[in-house]
Amino acid sequence: MATVSLESKTFEKFPDVVGRHDDANYLNHDHSIASWLFTLDHKRIGLLYLVTITLMFLLGGALAGAIRLELLTPKGDFLTADTYNKAFTAHGIIMLFFFLIPSIPAVLGNFLVPLMIGAKDVAFPRLNLLSYYLYFAGSVIALTALLLGGVDTGWTFYTPFSSTYSNSYVIVMAVGLFVVGFSSILTGLNFIITVHRMRCPGLTWFRLPLFIWSIYATSVVQLLGTPVIAVTLGLLGVERTLGVGIFDPRLGGDPILFQHLFWFYSHPAVYIMILPSLGVTSEVIATFSRKNVFGYHIIAFSSIAIAVFGFIVWAHHMFTTGISPYAAMVFSLLTFSVAIPSGIKVFSWLATMYGGSISFDTPMIYAFGFLGLFTIGGLTGLFLSTLGTDIHLHDTYFIVAHFHYIMVGGAIMGYMAGIHYWWPKMTGRMYSEFWGKLSAGITFIGFNFTFFPQFILGYLGMPRRYYEYPDEFQVLNVFSTAGASILAIGYSMPLFYMTYSFFFGEKANSNPYGGSTLDWTNTTSPPSPHNFEQTPVVTEEPYHYHGKEAAVVSH
Amino acid sequence: MSATNETVQDHGQHHHKDLAHHFDTLEQQHDANTLGMWAFLLTEVLFFGGLFAAYTIYRYKYSAMFEEASNHLDITLGATNTVILILSSLTMALAVRCSQTGNSLWTGRWLLITIAFGLMFLGVKYVEWKHDYHIHLMPGKDWSGKDYWHWQYAKKAKEMETEAHKKGSAEHSLPNRNDVLADNDPSLGVRGIQESQQARLFFLLYFCMTSLHALHMLVGFVLIGIIAYFAYQGAYSPEYYSPVENIGLYWHFVDIVWIFLFPLLYLLGAHMGH
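Residues numbered from 1 in each chain as written. Chains lettered and ligands numbered in written order. Predicted model: local features only at pLDDT ≥ 70, side-chain atom pairs only at ≥ 80, totals over all residues. Heavy atoms only, no water.

**Student:** Could you give an account of the overall build of chain A, naming the residues involved and the relevant values?
**Tutor:** Check the secondary structure of chain A and you find 17 helices and 2 strands. Sorting the 555 residues of chain A into buried and exposed places 61% on the buried side. Pairs at least 24 apart in sequence give 82% of the contacts found in chain A among residues at least 6 apart. Summed over all atoms, the accessible surface of chain A reaches about 19,700 Å², with 71% contributed by carbon and sulfur. Once the 25 positive and 29 negative side-chain charges of chain A are each reduced to a mean point, those two points are 6 Å apart. (Helix = DSSP H or I, 4+ residues; strand = E, 2+ residues; numbered from the N terminus. Buried < 20%, exposed > 50% of the residue type's maximum accessible area, 1.4 Å probe, protein only. Contact = heavy atoms within 4.5 Å. Areas by Shrake-Rupley, 256 points an atom, 1.4 Å probe, with all protein chains shown as cover. Lys, Arg positive; Asp, Glu negative; His and termini not counted. Charge placed at Lys NZ, Arg CZ, Asp CG, Glu CD.)

Shown next as C-alpha cells:
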C-alpha cells in the first residue's frame, strides 16, 4: 500500500498473515435489514449493541451536561430542584445500566470471545440475540419512564422514598431495569458456557488471553448478582403497588434490608463495569509493548479475586446507616483487600511495559489514560473504605469524583482503548491516528479537569444531589463544568472520525498492530461469517513476543 | 447413526441433523446445553435467594409472630401439594429416562402427566389461596390488624379451655370477645399494632414466595408442552435429548424450591399446635 501517512505507520510494520477477503466477510455477505435484525452471528450482535449503547451514552452525556450547567452557578437557575433530581437519576440509570454494564461485555465481549477462543460462535446464538432484544426492550421501557415524567429517587431507589413518597414513575423504570437485568444475566451465562465448552483444541485455561479471563470473571458476577437486584426491584414494586411494608419501618419492615439487597448487586456491578476494562488493558499493553505479559497467572487470578471480593464488600456503602460497628470493621477490612488484586494488576502492567518496545498508538494512549485514572480512582477508594474518613466524605462530591474516576476514567477509557484497538478487526478499516491520539489526550485532560476539583469540593463538604450550593464552592464548580465541556469534545470526536473510517478509512490488514491472540493471528479483517477457515490448534501461551513467530498453527 | 441422520457439509465433514453449526460434536453440544441450564439454575437460586434472605431476617427478628402466623396456613393442603409435586418429579425423571432410551411416545406421555400433576398442584393452591382470602390473610392495603385481634381471641379461648380441662372442671365458657379486644385495643398498645404488622410481613412473604413459585410452574407448563410436542414428533433420540433433560432439571429445581418453602412457611409453628 503506497499511502504511508505519518500518523498510521504502525500497521505497515506487521505483515498480513491471514490475507484479506474483500468479497466475503461478516459485514457484507448479506446486506438486508432482516439479516442484521435477526442475525445469530455474535459479531453482528456486537455491532447492534455498539450502535444502541452509543445512543444511550449520548443521552446520558447530555443529561450530565444539564447537571454541570446547573452547577455552574450557586443558585438554581437552569433547572428546577425537581428536574435536577430527575436529571441526575436519569443520568445515573442510563449510564450504569444501559451503557457501562453492557459496554465492553456486550460489544467487545460478543465480538471477541468466540474469536479469541477459536470458536465459530458463542454457545447459544439464539439466546444471544434474545439478550440484545431484552436490552432493547428494557431501554424502551426506561425511556418511556423518562418521557412520562422521569424518576426522582436517584439511581439507588432508596426506600422508603421510592416505595412510599416519590410521585414519579418508579415502577415503570423498575420494570425497565428488571428486563435489562435479564439481558445482562443471559449474556453472562452465554459467555461462561462459551469459555467452558467452546475453546479450540490446545487452548487450555492458562493459554486464554487475559481479556477472556476478565470477561469470564465479569460473567460470573452478572450471573450471580443481577438476579438479586431483579427480585429486590420486584419487592419494591410490590410494596409500592400494594401498600405493604417489607421495607417500610412504619409497617414493621426494614429500609436497611433494601440497602443490603440493593448493594449486594450494585457493588459487584461496579466490577462488571471495571473488570472488562482491566482485561482490555492487559491486551493493549502486551501488544503495544511487544512483550510477554508480566505475571500472566497472577493477573488472571486477580480478575477472579476481584469478582469474589466484589461480593463481600457491599456494606461499605452503608457505614453511615447505623449498621453494627463490628460488621462495619469487617467490611472495611475486606474493602481494603480489593486493593490487593487491583494493585497487582497495575504493577504487572508496569512490569510488562518495562524494557518493552513501546509504540504510542491510539489504543495505548487510551490505556495510559486508563492506568493513571484507575490508579487515582482506586487509591481514593481507600479513603472511603476507612471508617473514620468515610463519615466525613460520605454523600459528598468526594464520592462522586471517586466513582467517576473508576467508572468513567477507568471503565470508559478502557472501553475506548478496546474499541480503537479492535476497530480494524471489527470494520476492516483503519481510523486516523492523529484524531485518535488527539481525542485520547483531550479526554484525559477534560476528565481530570472535570472530576479532580470534585475531590476538593467533597473534602470541603459540598454534598451530592443538591442543585444549589454556597457561593464559596463556585470557583471549583466552574472548573468542573469547564472540564466537562472539554470532556464532551473528547468523547464526541470518535463519533466523527470512526464513522468516517467505517466508510472511507484505509483498508486494514489482518493484524495491523501485531497482536498475538487468535482474533488477530487467525482471522481476516473483518472476519468471515464463520470466523475461521479451519479450526485453529493452539500450542503455546498467549503473548509470545520474544523473537518467536506466531506459534499458532492451523491444521 | 443411520444414514438419514447425516448431511454432508461444504467441508465434506459429516454432521448429525441435530448438531448446530457452531458445535463440533454432539457431545460438546450436550455438555454446553446441560452446563447452560445449571448456570441458569444458579441464577434462579440467587433470584429466590433475595426472598429467602428477607424471610430469614424477619423470621429472626419477629420469630414469635412468624410462628403464630404460620399456624393459620393449612398444613394438610400444603402437605398434599408436596406429595403431588414429588410425584411430578418422578414422572419427569421417567420422561427423561424414556428420551434417553429413545422411547418417544412415553417421553411425551410422561411429560403430559407431569403437566397434569402440576395443574393439580395449582388447583390445590387456588383452593388454598381462596381460603386464605376468606379468613383475611391478605396483607394488602386494607390490612387493619382486625384479624390479628381475632386470633388473639381464639388463642385466649383455647388457653382457657385447656386450663379448664386441667382443673377437671367440665364447664368453661369462652371469654367475652369484647374482653379480649379490650385488652388489646389498638389505642391501648403499640405492641399489638407492631405484632399485627409482623404477622402481615409473614403473609406478604408467603404470598410473594408462593406466587413466584407458581409463576415458575406456569413457565414450566409452556416449556414442557412444547417439548412434549416435539417428543411426539420424534425429535429426540438417545444421541440428542438435551431439551428433555434440561426441562427436567428446571422442573426438579421448581420442586426443590417448594421443598424449602413448605417447612419454612407451613411447619414453622406446627409444634405450637393449632
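**Student:** Outline the environment of P526(A), supporting the account with residue identities and numerical values.
**Tutor:** Residues and elements named next belong to chain A. Structurally, P526 is set in the loop between helix 17 (518-521) and strand 1 (536-537). P526 sits in the buried class, given a relative accessible area of 7%. Separated by 231 residues in the primary sequence, P526 and G295 have C-alpha atoms spaced 31 Å apart. Once you skip the residues sitting within four places of it in the chain, P526 turns out to touch N25, Y26, L27, K425, M426, T427 and G428.

**Student:** I'd like a description of the interface of chain A and chain B, backed by residues and values.
**Tutor:** Interface size is commonly expressed as the accessible surface area that is lost when the partners come together. The partner chain B presents 33 residues to the 36 residues of chain A that form the contact. Taking both partners together, chain A and chain B bury about 3,000 Å²; carbon and sulfur atoms supply 70% of that area. Taken as a group, K120(A), R197(A) and V231(A) account for 17% of the area that chain A buries against chain B, more than any other trio of residues on that side. Here R197(A) ties to D31(B) by a salt bridge, and the two come within 4.0 Å at their closest N and O atoms. Connecting chain A to chain B are 11 residue pairs in polar contact (both at pLDDT 80 or more). Of all elements in the fold, only helix 7 (170-197), helix 8 (210-242) and helix 9 (255-289) of chain A reach the threshold of two or more residues within the side of chain A that touches chain B. The element best represented in the side of chain A that touches chain B is helix 8 of chain A, accounting for 10 residues. (Buried area = accessible area lost by both parts, 1.4 Å probe. Salt bridge = Lys/Arg side-chain N within 4 Å of Asp/Glu carboxyl O. Polar contact = N/O pair within 3.5 Å; in protein donor to acceptor, adjacent residues only side chain to side chain.)

**Student:** Can you explain the confidence of the model for chain B? Please cite residues and give values.
**Tutor:** Residue and element names in this part refer to chain B. Confidence along chain B averages 84 in pLDDT terms, with 78% of residues attaining 70 or more. Here residues 1-12 is a poorly scored stretch, pLDDT under 50, and it has 15 contacts once near neighbours within four places are set aside; other chains count. This complex was scored by the predictor with a pTM of 0.91 and an ipTM of 0.91. (pLDDT = per-residue confidence, 0-100.)

**Student:** Could you give an account of the packing of aromatic side chains, with specific residues and numbers?
**Tutor:** In this description, an aromatic ring pair is defined by two values, namely the gap between the centres and the angle between the planes. Residue and element names in this part refer to chain A. With the rule as written, the count across this model stands at 68 aromatic pairs over all chains. Connected via pairs of aromatic rings, a cluster forms that spans F383, F398, Y405, F447, F451, F452 and F455. Here R44 stacks its cationic end above the ring of W36, 4.0 Å away from the centre of that ring. (Phe/Tyr/Trp six-rings, centres within 6.5 Å; stacked < 30°, edge-to-face > 60°. Lys NZ or Arg CZ within 6 Å of the ring centre and 35° of its normal.)

**Student:** Can you explain the packing of helix 12 (residues 362-385) of chain A against helix 14 (residues 397-427) of chain A? Please cite residues and give values.
**Tutor:** Residue and element names in this part refer to chain A. The geometry of helix 12 relative to helix 14 is characterised by a closest axis approach of 8 Å and an angle of 160° between their N-to-C directions. Judged by the inter-axis angle, helix 12 sits roughly antiparallel to helix 14. You can see that helix 12 and helix 14 cross each other, and the crossing is left-handed. Tallied by class, residues from the contact of helix 12 with helix 14 come to 17 nonpolar, 11 polar and no charged. (Axes fitted to C-alpha atoms, helices over the stretch in contact; angles between N-to-C directions. Parallel < 35°, antiparallel > 145°, perpendicular 65-115°, else oblique. Left-handed = near helix turned anticlockwise from the far one by under 90°. Nonpolar A, V, L, I, M, F, W, Y, C, P; charged D, E, K, R; others polar.)

**Student:** Let's hear about helix 7 of chain A: which residues, and what values?
**Tutor:** Its 28 residues give helix 7 of chain A an end-to-end C-alpha distance of 40 Å, which sits within 8% of 40 Å, the value for a rise of 1.5 Å per residue. Burial runs high along helix 7 of chain A: 21 of the 28 residues are buried. (Expected span 1.5 Å × (residues − 1).)

**Student:** Any details on unusual backbone geometry? Residues and values, ideally.
**Tutor:** Residue and element names in this part refer to chain A. Between T159 and the following residue, P160, the backbone shows a cis peptide bond with an omega angle of 0°. Relative to the helices and strands, P160 is located in the loop between helix 5 (125-148) and helix 6 (161-165). Here the bond from S525 into P526 is cis, since omega is -10°, no more than 30 degrees from zero. Despite not being glycine, D395 shows a phi value in the positive range, around 60°. Here D395 shows up in the loop between helix 13 (387-393) and helix 14. Overall, D395 belongs to the partly exposed group, its relative accessible area being 32%. Look at R465: it is not a glycine, yet its phi comes out positive at around 70°. In this structure, R465 sits in the loop between helix 15 (433-460) and helix 16 (474-504). You can call R465 partly exposed: its relative accessible area is 29%.

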